[in-house]
Amino acid sequence: MVNIIKLRKGLDIKLKGTAQLKDVTAAGGSIYAMCPSDYHGVTPKVVVKEGDRVLAGDPLFVNKRYPSVAFPSPVSGKVVAVERGERRKVLAVKVEAEKENAFRDFGRREPATMTGDEVRQALLDAGIFGFINQLPYAVSTTPDTTPRAVFISAFRDMPLSGNVLYELQGNEEAFQEGITALSRIAKVYVGINAEEEASLGGLCNAEVTLFKGKCPAGNVGVQINNIAPVNKNEVVWTVSPAVVMFIGRLFLTGKVDLRHRVALAGSEVVNPAYSEIVVGQQVDTVINGRIKNSGVRIIKGNPLTGEKVEGESYIGPQVSEISVIPEGDHADEMLGWIMPRFSQFSASRTYFSWLLPRKKEYVCDARIKGGERHMIMSGEYDKVLPMDIYGEYLIKAIITEDIDKQEALGIYEVSPEDFAVAEFVCSSKLPLQKIVREGLDILRKENE
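Visitor: So, the overall build of the chain: which residues are in play, and what are the values?
Guide: Helices and strands together make up the secondary structure of the chain, namely 12 helices and 19 strands. Taking the principal axes of its C-alpha atoms as reference, the chain extends roughly 65 × 50 × 50 Å. Of all 448 residues assigned to the chain, the portion counted as buried reaches 54%. Pairs at least 24 apart in sequence give 69% of the contacts found in the chain among residues at least 6 apart. Looking at the chain as shown, the accessible area adds up to about 20,900 Å², and 47% of this sits on carbon and sulfur atoms. If the 54 positive side-chain charges of the chain are averaged to one point and the 58 negative ones to another, these points end up 2 Å apart.

Visitor: Hey, could you go over the packing of aromatic side chains for me, with residue numbers and the actual values?
Guide: As enumerated under the stated definition, the model contains 12 aromatic pairs in all. Aromatic side chains tyrosine 39 and phenylalanine 71 sit 4.5 Å apart centroid to centroid with 45° between the ring planes, which places their arrangement in the tilted category. Residue tyrosine 39 is located in the loop between strand S2 (31-34) and strand S3 (44-46), and its partner phenylalanine 71 is located in strand S6 (residues 70-72); the two are separated by 32 residues in the primary sequence. When sorted by exposure, tyrosine 39 lands in the same class as phenylalanine 71, which is buried. For the pair phenylalanine 151 and tyrosine 189, a centre-to-centre distance of 4.8 Å together with 10° between the ring planes defines the contact as stacked. On the criterion of sequence distance, the pair formed by phenylalanine 151 in strand S11 (residues 149-153) and tyrosine 189 in strand S12 (residues 187-193) is long-range, its members being 38 residues apart. Each member of the pair, phenylalanine 151 as well as tyrosine 189, carries the same accessibility label: buried. Three or more aromatic residues link up through ring pairs in this structure, and these residues are Tyr39, Phe61, Phe71, Phe131 and Phe246.

Visitor: A description of the layout of surface pockets should follow, citing residues and the corresponding values.
Guide: Estimated volume of the second largest pocket: approximately 740 Å³. In this structure, the second largest pocket is lined by 30 residues; those nearest its centre are Lys14, Arg156, Asp157, Met158 and Asn193. Each residue belonging to the lining of the second largest pocket can be placed in one class, and the counts come to 14 nonpolar, 6 polar and 10 charged.

Visitor: How would you summarise the nonpolar core if you had to cite specific residues and measurements?
Guide: Counting residues in each nonpolar core, the largest one holds 63 residues, and the members touching the most others are Leu60, Phe131, Ile152, Leu182, Phe246 and Ile247. Once residues within four sequence positions are removed from consideration, phenylalanine 131 is found in contact with Met34, Tyr39, Phe71, Pro72, Val243, Phe246, Leu258, Pro317 and Gln318. One finds Ala138, Phe155, Phe345 and Leu385 within the second-largest nonpolar core, a separate group that totals 58 residues.

Visitor: Outline the packing of helix H3 (residues 172-183) against helix H6 (residues 241-253), supporting the account with residue identities and numerical values.
Guide: Taken N-terminus to C-terminus, the directions of H3 and H6 make an angle of 85°; their axes are 7 Å apart at the nearest point. Classified by the angle their axes make, H3 and H6 are roughly perpendicular. On H6, the residues touching Glu173, Ala174, Phe175, Glu177, Gly178, Ile179, Ala181 and Leu182 of H3 are Pro241, Val244, Met245, Ile247, Gly248, Arg249, Phe251 and Leu252. Split by residue class, the contact of H3 with H6 holds 11 nonpolar, 2 polar and 3 charged.

Visitor: Got a sec to walk through the pairing of strand S19 (residues 321-326)? Specific residues and values, please.
Guide: Taking burial as the measure, the 6 residues of S19 include 6 buried ones, the bulk of the element. Taken together, the 5 bridges between strand S17 (residues 296-300) and S19 define a ladder with antiparallel strand orientation. Counterpart to isoleucine 298 in the pairing with S19 is valine 324.

Visitor: How would you sum up the pairing of S17? Please name residues and give values.
Guide: In terms of strand pairing, S17 meets strand S18 (residues 307-308) through 2 bridges, oriented antiparallel. Residue pairing for S18: isoleucine 299 is matched across the bridge by lysine 308. The antiparallel hairpin formed by S17 and S18 contains 6 residues in its connecting segment, where glycine 301 sits at a positive phi of about 125°.

Visitor: Summarise the sheet that holds S19; cite the residues concerned and give the values.
Guide: Spatially, 5 strands are ordered S16-S15-S19-S17-S18 in an open sheet, and the strand pairing comes out mixed. One side of each edge strand has no neighbouring strand; the edge strands of this open sheet are strand S16 (273-278) and S18. Of the strand pairs in this sheet, strand S15 (residues 259-265) and S16 are connected by 6 bridges, and their pairing is antiparallel. Bridging from a neighbouring strand, arginine 261 pairs with glutamate 276 of S16.

Visitor: Can you lay out the pattern of salt bridges for me, pointing to particular residues and giving the numbers?
Guide: Side chains that differ in charge, positive against negative, can pair when their charged atoms come close. Evaluation of the coordinates by the stated rule reveals 16 salt bridges. Between aspartate 257 and arginine 259 there is a salt bridge; the shortest N-O distance is 2.7 Å. According to the relative accessible area criterion, aspartate 257 is buried, its value standing at 13%. Ionic pairing is found between arginine 259 and glutamate 276, a salt bridge with its closest N-O pair at 3.3 Å. In this pair, arginine 259 sits in strand S15 while glutamate 276 sits in strand S16, placing the two residues 17 residues apart along the sequence. When its relative accessible area of 45% is taken as the criterion, glutamate 276 is described as partly exposed. Each of Arg249, Asp257, Arg259 and Glu276 takes part in one network of salt bridges that share partners.

Visitor: I'd like a description of helix H9 (residues 391-399), backed by residues and values.
Guide: Among all positions in H9, only Gly391, Glu392, Leu394, Ile395, Ala397 and Ile398 are buried. Against helix H8 (380-384), helix H10 (403-408) and helix H12 (432-447) lie the buried residues of H9. One or two residues past the end of H9 sits glutamate 401, with phi positive at roughly 60°.

Calculation criteria
Residues numbered from 1 in each chain as written. Predicted model: local features only at pLDDT ≥ 70, side-chain atom pairs only at ≥ 80, totals over all residues. Heavy atoms only, no water. Helix = DSSP H or I, 4+ residues; strand = E, 2+ residues; numbered from the N terminus. Buried < 20%, exposed > 50% of the residue type's maximum accessible area, 1.4 Å probe, protein only. Contact = heavy atoms within 4.5 Å. Areas by Shrake-Rupley, 256 points an atom, 1.4 Å probe, with all protein chains shown as cover. Lys, Arg positive; Asp, Glu negative; His and termini not counted. Charge placed at Lys NZ, Arg CZ, Asp CG, Glu CD. Phe/Tyr/Trp six-rings, centres within 6.5 Å; stacked < 30°, edge-to-face > 60°. 1 Å grid on protein atoms, 1.4 Å probe; cavity = no way out; pocket = protein on both sides within 12 Å on 5 of 7 lines; lining within 4 Å. Points joined across faces, edges and corners; volume = space filled by probe spheres on them. Nonpolar A, V, L, I, M, F, W, Y, C, P; charged D, E, K, R; others polar. Core = buried A, V, L, I, M, F, W, Y, C linked by side-chain atoms within 4.5 Å. Axes fitted to C-alpha atoms, helices over the stretch in contact; angles between N-to-C directions. Parallel < 35°, antiparallel > 145°, perpendicular 65-115°, else oblique. Pairing = 2+ DSSP bridges. Salt bridge = Lys/Arg side-chain N within 4 Å of Asp/Glu carboxyl O.

Have a look at this one:
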């Protein structure tokens, strides 16, 4: 019997430019890079030198604290640069790709016949283990953790986010094989949109839970909180659908094959659609020639949780979409917010657009529309946060660095993205995701 969980809190933000369910070929480019910043909590140690030839699957850098956790080259070719920033911080390890991709062969194996330790070691050997995240702390997991369970969210509902079912088309076998492999380590829970039960409801070796509700029901942290919350001294792993697919391919083919579909979406995109890319590919190869206007913000991810693209940027394993929205720097609005707007989205009834329920999609720009101000305890976070925590009190405890209160209020259960919608509706204009990230990092250091 499949469990069904109905969430009453949340907010759907429907933006214009959702990617159509079709593929558009993206230029592959010649330079690929693995960036340590894509793996929060990892201190990198580079294990290659400029001029070295690597195969797809060979390690480029390792976690300095856990050297068995390596991060692989997505393509075969020559290491052309180890890019560093301030205080010699490693920003990227770049590889110039060969015309024909050559893979390191790790051998085909049957995860159903393997022990959990054998599966774990196979993931470490291939460099995919570091793609797995964990709660608490919302960081890349480490080999000394023993997860109570593994959670996979098989749908997304953030604005402009990619469609998981379309991303998995043609890769269903690899997805199932990845679930089987992870199930050898711990019990696997898969969260599915209740409207998509027919597509993914038949998964094996996993407990499937259907979710009905508004955004952020697709967040894996929200699903964990409603299925089996994380307690102190417990660890759970969270794995994105793309990474599950990478794991499955490893066991089916013996290769580190990091291809997956990424959506290019947003109101400023010509022909919003999907492109098959390889992890480490440049963002420019996907957006080239497909942006309507200047004065746009390019976001690696969705508009609520993504990262602003500045200069050269590369697509990490957790990125499922690239969003392009107006920057809004030169917007000229007579009378500002007091105008009776009918075409702009509002979470409250500030704009008259609430009188037009039939309007399905909006164009939103990147402006905050206001400055940071004192925090008002109005309960607005709780209206859009479908978790059994007191969001406003937790934010206050993080700001005041009260660790005891943070623990009592459930900080071990959250990740920054869980507060994305709350940040969107925050009348105080506080950077809630940044606050939560800093709180988790401080708590992690305190508990080490």
